[in-house]
Every structure is written in structure tokens, then in C-alpha cells.
Amino acid sequence: MSDKLRLDKWLWHGRFFKTRSMAARVVETGAVRVNSDRVQKRSTLVMVGDVLTFPQGDAVRVIRVENLGTRRGPAPEAQGLYTDLSPPAPRQRETAPENPRFEGKGRPTKRDRRTLDLSRARSLE
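The following paragraphs examine the structure supplied in this document. (Residues numbered from 1 in each chain as written. Predicted model: local features only at pLDDT ≥ 70, side-chain atom pairs only at ≥ 80, totals over all residues. Heavy atoms only, no water.)

You can see His13 is positioned in helix α1 (residues 7-13). Of the residues examined, His13 reaches a relative accessible area of 3% and is grouped as buried. A polar side-chain atom of His13 sits 3.4 Å from the main-chain carbonyl oxygen of Gly69. Setting aside its immediate chain neighbours within four residues, His13 contacts Leu5, Gly69, Thr70, Arg71, Arg72, Ala78 and Leu81. (Helix = DSSP H or I, 4+ residues; strand = E, 2+ residues; numbered from the N terminus. Buried < 20%, exposed > 50% of the residue type's maximum accessible area, 1.4 Å probe, protein only. Polar contact = N/O pair within 3.5 Å; in protein donor to acceptor, adjacent residues only side chain to side chain. Contact = heavy atoms within 4.5 Å.)

Following this line, the structure appears as C-alpha cells:
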């Protein structure tokens, strides 16, 4: 087994992207950093110990390469390839709604309808 692997292939093995071409596209846009250096070549070689920073959805992932995979296996196998160094996502505070409103779970009951009508009438006053 070699001690280096292509960046796009490693991102695909780690299951960060659904296809290898999607991983390659992200690398080519210059959105991926390897050890804080921006890379644009999908053939960039990564080794064990490298730190990768890249966007995934709305979050920015910071990953340390722990192992080079030989295949794109199941998720538990893919999670053994890296250590996630990303900061935890900020928690969203739940606030109580000011006005009672229908949750959208099926048809509102007669009681739900009355409270909605009352809250709408109060807001018009």
C-alpha cells in the first residue's frame, strides 16, 4: 500500500462527497486547503497527518487524515480514515411562538382553528 493518495479519491473514500467527480469539482474551485495551503489540482497527494479544510453544505469541515483507504467502504470504515477537528455547530435557541399557530401536522382540529382565528383577530386590532 502506498503512503500517498489523490485528494479527490481520499475525499470520496471518506464519504464526504457522493461521487468522485463531485469531490474533484470542489477541489478544482479552490475551496479545499491542505495544511492551510489552497489547492486546485485534484491530483494533489495527501498523506497521513495532513489537515484538510473544505466546505460541505453550509458547514466548513476541518479533518485530519488518519488513514488512507483502499476502497470506498461502508460509513463506519470511512469514519476510521479521519478525525474531525471541526468546531461544534452553534446551538439554535428555541423560542416560544408569540402567537399560537398550526404545526402543519395534518388538518387542524376545531380547537386549533379557534385559537388561530382568535390570535389573528387580536393581531389586526
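Tracing the sequence through the fold places Lys18 in the loop between α1 and α2 (20-28). Lys18 gets classed as exposed once you look at its relative accessible area, which sits at 67%.

Here we take up the sheet that holds strand β7 (residues 82-84). Read across the open sheet, the five strands follow the order β3-β2-β5-β6-β7; overall the sheet is antiparallel. Both outer strands of the open sheet, β3 (37-39) and β7, are each paired with one neighbouring strand and no more. Ignoring which end each strand starts from, the neighbouring axes of this sheet average 30 degrees apart. As paired strands, strand β2 (residues 32-34) and β3 are joined by three bridges and run antiparallel to one another. Counted as the bridge partner of Val34 is Asp37 from β3. (Pairing = 2+ DSSP bridges. Axes fitted to C-alpha atoms, helices over the stretch in contact; angles between N-to-C directions.)

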